[in-house]
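Per-entry structural report
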Amino acid sequence: MNHSISKELAGASTRPILLSILARSDSYGYAIIQNVAELSDGVMDWKEGMLYPVLHRLEDEKLIESFWKTPESGRKRKYYRILPAGLQALEAEKQSWFSVNAMFIRLWGPEAQLTLSV
Amino acid sequence: MSYTFKLDVAIASWRQSLKLNRSFSDDDLDELENHLRDAVETGIEEGLGEEEAYRKAQSRLGDFTELEPEYKKVRFGMGRIKTSVKTDWRWFWAMAKNYSLTSFRYMRKHPVFSSINIGGLAVGLAGCLLMVLFVRQELSFDKGLHEKEDRIYRLGSSTVGWPYGKILEAEYPEVERVTYMRSYPTFPIKHQDQTLYETLFYADNAFFDVFDYDFVSGSPQSALETAYSIVLSSELSERLFGTQDAAGRQIVLRDSLQFSVTGVVNVPRNSHIQFGGLMSLETFRAFDSERFDAGMTSQGWLDVNMINYLVLNEGVDVAAFKEKVRTLPMEQVGELMKQYGIEYELGLEKYGDIYLKSDQGNLLGPSGSLGNVYLLGAVGLFLLLIACVNFINLTTARASTRAREIGLRKAIGADRKTLAVQFLFDSALAAFGATVLSMGIARLALPLFNSLVQRSYTTQDLWSLEMFGMLMAIFACVTLVSGAYPALLLSGYHPVEAMKGPSTTKSGGGWLRKGLVGFQFTTSGVLIVVTLVAYTQIRYMQSRPLGFDAEQVVVVDARKVPGAERNARYEAFEQSIKENAAVSNVSSMWTVPGRSGWRGQLSFPEGYPNDGSYGLEFLAVGWDVVPTLGINMVAGRAFDRQIGQDASTAVLINEEAVKAAGWASSEEAIGKRFTSPGSGKPEGVVIGVFENYHHHGLQESIEPMMMGISPSNGLFAIRVESAQMAGVVSHIAGVWDQFFPGITYETFFLDDDFALQYEEEQRLTRVLSIFAILTILIACLGLSGLTAFATAQRTKEIGIRKTMGASSRQVVMLLSGDSMRPIFVSFIIASAIGYFISYKWVERFAYRTDIGIELLVMAGVIMMLIAFLTVSFQSVRAAMADPVKSIRYQ
């Protein structure tokens, strides 16, 4: 398994992925990178230099908020939590991705529903 | 040398390398560091060494060259971290140094302008400081001295006898305590070889219950309980006994009376009750038990020498209580009062109001004057206003000449805020200089001020915390107001426009500045008018004929000679004085013109209805009073020692008394009898009528007067033939030593003593004139500064006008006319206000000068002349300047 995802696609998917992860539970940068790597079977390898600025931008847009928290074991970490506006944005993202996905299924399905005119 | 990897050091150095780049906030760094640590831990868990795990994690995370652009993408232009050099204190410090350097340079370049500016404000502030000191001290009287002071009242609309106090204490539940005081003429106090004349009062033992005094020694409980006990003020105690404890010692009063000192108290300077010592009231009983007991009964009701202080219980409705006691005199002794034909009401005066507001005065020390407090307060306020206006005017005018500097500063990158700070800094520096200077001036002027207002303030009084607070507040206000105009307006100039120089910029604020100068001159004008009127009034009072001859009369004060001795020897004493050929007449007198006789004595002329009121001023005099004072008789004759019955039955009255009695002429009055139903004094048959003369200053109108013989009085008036005065005075001194050795010899001249009545007015005039001069001075400083500024702005114009053929005179008129117009307007306003104020003031005098138009014109001429001189000094210089140089200016 040696393929990777193009930079553009990675870029475009960062936002919905981040929102989706945070919609499940509050999390912090290092854990998010670990999660993404696991969920994508190692296909997506997010760079810290990219992740944090994006988190900060989402924060500026008031989709998520951050807070410092010290878990029972371990050092204090900066956690991110999704805000109502973030859930709305995630819903919109979902719609877009679903429609793109639906189109590919139709295109690549056994019975192509598209008649190509020559 | 072996190399050991230390994780914390590595992380710290990595963090530092990121920190040096300003794209990361501390919060970001924390987050990244935590991330790095997580990654290192994971690496170690996976079996890597610490160093290897770190290297891996760190390379994954990237150094700042990789991180920064990503962060910047998000951050740039979003204003999240605006790390500005200006938040650094070092920046602030550097700028402060730069600002003050610029300000100092400017001051050095324009020394005259700057010293006018700072000096004017300093003088104004200093004057204001002194005024505030006076007002504060006067208002502080009787505040915060005694625990019960809010509930202490003085009884009476004039002094009243103590039966009132007794009744109030016994029958009125509102009254908690009463203390009685009685004033007494000065007693000589002897201790060892010292003799002192001190103010002493009688007070009963309740005194220290009502008033809280700080006892240096002795105790308040029984200090005034027994006869012949005395409580000394700490000041008197120190003069008598030095640093030794006075309590328990003996002193001798009035030559032979042994008193024991039962306590020493501090007498606060700001208390209206000022004494050297308090004698127990029991002493008074011991002196004269008959009179003391009589004081408790019918006679006591009219005893004017008692002073009663009440303490009301807490929560008493004072207004209702006042109403309740108002009618007490008529209820108690209505019959007696009606006999005298008077209605008498009892009043209450709040303790704290006695010093400044009492109609009847203090009675136990000096009185203040609320009018003076207001007056000096107002003068101080106006002085401050004028000085501030001046400062603001000059500072703003000066600032507008700095347009070019502003343009340059803007061109090289100063923003509006920086410039505003610069201007504020400028005015703050000047205002601060003025504030410091004013403190020095106030300190130096304190002795002069003390003599003007007749107080003895010390440096400590001047430097109280409140005074500093006030100065700081004024400093802040002046800085803000004078800095605000240039800070807000000038900093908004477009740099290019500003660089072209001041002549092209709008001279904004010109009308405002003219208005402010107008205000200054209006204030000075008012002061000039009022001062001139006050001077004129005093001159008028001093020059008006008094109706007697006050010149060439020496008065010997023998009141310290014990009465018995005086009675025995006065005739021989008078005779010895007359031995000097230059002495034409001698007469003993209870009082002399300019000092009060027994005013308000009720004595009814024959045929006068008893239910009407008739009060006159009675003078107890010696035989030769008429020639000694140079009084003119209009009917009948003067006293004659050859006619024996004159001594007991004869009286002289003045024309006013004739008129008040309703007699048609002075001749008709001769032979008429006066009776005094209550006290039997003064009574007698009129043997002569003398011409009205001013026994009191011209503040008062002439009242009905009566003179009766009482040969041995405390004062001896001696008329001296002119040009012999010095010889006579030493002759009298010799006679005195012969008759009354060991008793202080005191004399005064009648005319000087009479003039003392105008002292208050003269002092007021002196204060007014000093402040009139100060205000006009400051106003002129301001005017001269503004003219200089205006002429400088018009330098080029003047040059062109002169080249085109204008004469210097025309240029002077042009420049001066501009500045003089607002001053003329302010003079018109000032004369109206000044006229109104002086009219109100002069109204208080029974004999007053007219405030004529010529007085106002004079004030106007003075003011315009001073202003014109100030203005022309500047404009003449500008007009005389070489036009070629003027045109090349700028």
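Procedures and definitions
- Residues numbered from 1 in each chain as written.
- Chains lettered and ligands numbered in written order.
- Predicted model: local features only at pLDDT ≥ 70, side-chain atom pairs only at ≥ 80, totals over all residues.
- Heavy atoms only, no water.
- Helix = DSSP H or I, 4+ residues; strand = E, 2+ residues; numbered from the N terminus.
- Rg over C-alpha atoms; globule rule 2.2 N^0.38 Å.
- Buried < 20%, exposed > 50% of the residue type's maximum accessible area, 1.4 Å probe, protein only.
- Contact = heavy atoms within 4.5 Å.
- Domains from an automatic or database assignment.
- Buried area = accessible area lost by both parts, 1.4 Å probe.
- Salt bridge = Lys/Arg side-chain N within 4 Å of Asp/Glu carboxyl O.
- Polar contact = N/O pair within 3.5 Å; in protein donor to acceptor, adjacent residues only side chain to side chain.
- Nonpolar A, V, L, I, M, F, W, Y, C, P; charged D, E, K, R; others polar.
- Pairing = 2+ DSSP bridges.
- 1 Å grid on protein atoms, 1.4 Å probe; cavity = no way out; pocket = protein on both sides within 12 Å on 5 of 7 lines; lining within 4 Å.
- Points joined across faces, edges and corners; volume = space filled by probe spheres on them.
- Disulfide = S-S within 2.5 Å.
- Axes fitted to C-alpha atoms, helices over the stretch in contact; angles between N-to-C directions.
- Parallel < 35°, antiparallel > 145°, perpendicular 65-115°, else oblique.
- Left-handed = near helix turned anticlockwise from the far one by under 90°.
- Phe/Tyr/Trp six-rings, centres within 6.5 Å; stacked < 30°, edge-to-face > 60°.
- Lys NZ or Arg CZ within 6 Å of the ring centre and 35° of its normal.
- Core = buried A, V, L, I, M, F, W, Y, C linked by side-chain atoms within 4.5 Å.
- pLDDT = per-residue confidence, 0-100.

Details of the overall build of chain A
- Across its full length, chain A carries four helices and three strands.
- Along chain A, helices and strands appear, N-terminal first, in the series α-β-α-α-β-β-α.
- Taken over the C-alpha trace, chain A has a radius of gyration of 17 Å; the compact-globule value for 118 residues is 13 Å, which it surpasses by more than 25%.
- Summarising its shape, the C-alpha atoms of chain A cover approximately 65 × 35 × 20 Å along the three principal directions.
- Residue burial in chain A is summarised as follows: out of 118 residues, 36% are buried.

Concerning the overall build of chain B
- Helix and strand content of chain B: 33 helices and 24 strands.
- Projected onto the principal axes, the alpha-carbon positions of chain B cover approximately 135 × 90 × 55 Å.
- The buried share of chain B, taken over its 890 residues, is 50%.
- Excluding contacts between residues fewer than 6 apart, the proportion of contacts in chain B whose partners are at least 24 apart in sequence is 79%.

Focus on the domain arrangement of chain B
Residues and elements named next belong to chain B.
- For chain B, the assigned domains are domain 1 (7-83), domain 2 (86-141 + 370-508), domain 3 (149-357) and domain 4 (561-743).
- When the area that domain 2 buries against domain 3 is broken down by residue, the three leading residues are Glu138, Phe141 and Leu370, summing to 68%.
- Where domain 2 packs against domain 3, one counts one salt bridge.
- Notably, a salt bridge pairs Arg269 with Asp461, separated by 2.9 Å at the nearest N-O pair.
- Across the contact surface, domain 2 and domain 3 share five residue pairs in polar contact (both at pLDDT 80 or more).
- Only α6 (111-139) and α15 (370-399) provide two or more residues apiece to the side of domain 2 that touches domain 3.
- The dominant element in the side of domain 2 that touches domain 3, judged by the number of residues it contributes, is α6, at three residues.
- Partitioned by chemical class, the residues of the side of domain 2 that touches domain 3 number five nonpolar, four polar and three charged.

A few points about the sheet that holds strand β3 (residues 77-82) of chain A
- Spatially, the three strands line up as an open sheet ordered β1-β3-β2 (chain A), and their pairing is antiparallel. Looking at strand neighbours, the two that pair on one side only are β1 (27-28) and β2 (64-69) of chain A, the edges of this open sheet.

So, the interface of chain A and chain B
- Contact residues are listed per partner, giving 21 residues for chain A and 22 residues for chain B.
- Of the roughly 2,100 Å² buried between chain A and chain B on both sides combined, carbon and sulfur atoms contribute 46%.
- For the chain A face of the interface with chain B, the top three residues by lost area are Tyr30(A), Glu48(A) and Arg75(A), together amounting to 30%.
- Linking chain A with chain B are four salt bridges.

Digging into empty space enclosed by the protein
- Tallying each qualifying case throughout the model produces five cavities of 30 Å³ or more.
- Empty space within the largest cavity amounts to approximately 80 Å³.
- Residues of the lining of the largest cavity, tallied by class, amount to three nonpolar, five polar and four charged.

Regarding the pattern of salt bridges
Residue and element names in this part refer to chain B.
- Inspection of the entire model under this criterion finds 37 salt bridges over all chains.
- Across the pair Lys324 and Glu174 runs a salt bridge whose closest N-O atoms are separated by 2.6 Å. Of this pair, Lys324 sits in helix α12 (residues 318-326) while Glu174 sits in the loop between α7 (162-171) and β2 (175-183), and the two are 150 residues apart along the sequence.
- With relative accessibility at 15%, the residue Glu174 sits in the buried group.

Describing unusual backbone geometry
- Within the chain, Asp41(A) stands out as a residue other than glycine whose phi angle is a positive 55 degrees.
- Structurally, Asp41(A) can be placed in the loop between α2 (29-39) and α3 (48-60).
- Judged by its relative accessible area of 59%, Asp41(A) falls in the exposed class.
- At Tyr228(B), a residue that is not glycine, the phi angle is positive and equals roughly 60 degrees.
- Within the secondary structure layout, Tyr228(B) lies in the loop between β6 (214-218) and β7 (229-233).

Notes on the state of the cysteines
Residues and elements named next belong to chain B.
- On inspection of all chains with the given rule, the structure shows zero disulfides over all chains.
- In this model Cys128 remains outside any disulfide bridge; the closest cysteine sulfur is found in Cys388, 8.0 Å from its own.
- We classify Cys128 as buried; its relative accessible area is 4%.
- Free cysteine Cys780: the closest other cysteine sulfur is in Cys388, separated by 18 Å.

A short note on the pairing of strand β3 (residues 187-191) of chain B
Residue and element names in this part refer to chain B.
- Of all five residues in β3, four are buried; the element is thus mostly enclosed.
- With five bridges connecting them, β3 and strand β4 (residues 194-198) associate as antiparallel partners. Bridging across to β4, His191 finds its partner in Gln194.
- Where β3 hands over to β4, the hairpin turn is made up of two residues, of which Gln192 adopts a positive phi near 50 degrees.

Here we look at the packing of α6(B) against α15(B)
Residues and elements named next belong to chain B.
- Running from amino to carboxyl end, α6 crosses α15 at an angle of 160 degrees, the nearest separation of the two axes being 8 Å. The angle between the axes of α6 and α15 places the two elements in the roughly antiparallel class. In the packing of α6 onto α15, the handedness of the crossing is left-handed.
- Its residues assigned to classes, the contact of α6 with α15 comprises 18 nonpolar, ten polar and two charged.

Describing the packing of aromatic side chains
- For the coordinates displayed, the defined rule picks out 37 aromatic pairs over all chains.
- An angle of 70 degrees between the planes, with centres 5.9 Å apart, marks the rings of Phe432(B) and Phe475(B) as edge-to-face. Pair noted here: Phe432(B) is in helix α17 (residues 416-453) and Phe475(B) is in helix α19 (residues 465-488), with a separation of 43 residues, a long-range link.
- With relative accessibility at 44%, the residue Phe432(B) sits in the partly exposed group.
- Above the plane of the ring of Trp68(A) lies Lys76(A), whose end atom (NZ or CZ) is 4.6 Å from the centre.

Quick notes on the nonpolar core
Residue and element names in this part refer to chain B.
- Phe521, Phe639, Tyr693 and Met707 are the most contacted members of the largest nonpolar core, which has 69 residues in total.
- For this core, the leading source of residues is helix α21 (residues 510-543), giving twelve residues.
- Residues within four places of Phe521 in sequence aside, it is in contact with Ile776, Ala779, Cys780, Leu783, Ile823, Ser826, Met863 and Ala867.
- In terms of nonpolar packing, the next biggest core, distinct from the first, is built from 44 residues, Cys128, Leu130, Leu384 and Phe475 among them.

Structural notes on the packing of α15(B) against helix α29 (residues 759-793) of chain B
All names here are of chain B.
- Running from N to C, α15 and α29 cross one another at 10 degrees; their axes reach a closest spacing of 9 Å. Looking at the two axes, α15 sits roughly parallel to α29. Where α15 approaches α29, its residues Asn372, Leu375, Leu376, Val379, Leu383, Ile386, Ala387, Asn390, Asn393, Leu394 and Ala397 are matched on the opposing element by Glu760, Leu764, Val767, Phe771, Leu774, Thr775, Ile778, Leu781, Gly782, Gly785, Leu786 and Phe789.
- Of the residues contributing to the contact of α15 with α29, the split by class is 16 nonpolar, six polar and one charged.

A word on the pairing of strand β19 (residues 650-654) of chain B
All names here are of chain B.
- The buried fraction of β19 amounts to five of the five residues, a majority that puts the element mostly inside the structure.
- Residues of β19 alternate between two faces, with Ala650, Leu652 and Asn654 on one and Val651 and Ile653 on the opposite face, all of them buried.
- As paired strands, β19 and strand β21 (residues 684-690) are joined by five bridges and run parallel to one another. From the neighbouring strand, Asn654 faces β21, where its bridge partner is Phe690.
- Relative to strand β22 (residues 705-709), β19 runs antiparallel, the two sharing three bridges. Opposite Ile653, over in β22, you have Met706 as the bridge partner.

Brief notes about the confidence of the model for chain B
Residues and elements named next belong to chain B.
- Counting all residues, the mean pLDDT for chain B is 83, and 92% of those residues have values of 70 or more.
- When pLDDT is averaged over each element of chain B, β21 comes out on top at 93 and helix α4 (residues 64-75) at the bottom at 68.
- For residues 77-82, every residue scores under 50 in pLDDT, and the model assigns this stretch nine contacts once sequence neighbours within four places are set aside.

Notes on the side chain of Ser217(B)
- Note that Ser217(B) resides in strand β6.
- A polar atom in the side chain of Ser217(B) sits 2.7 Å from the side chain of Asp245(B).

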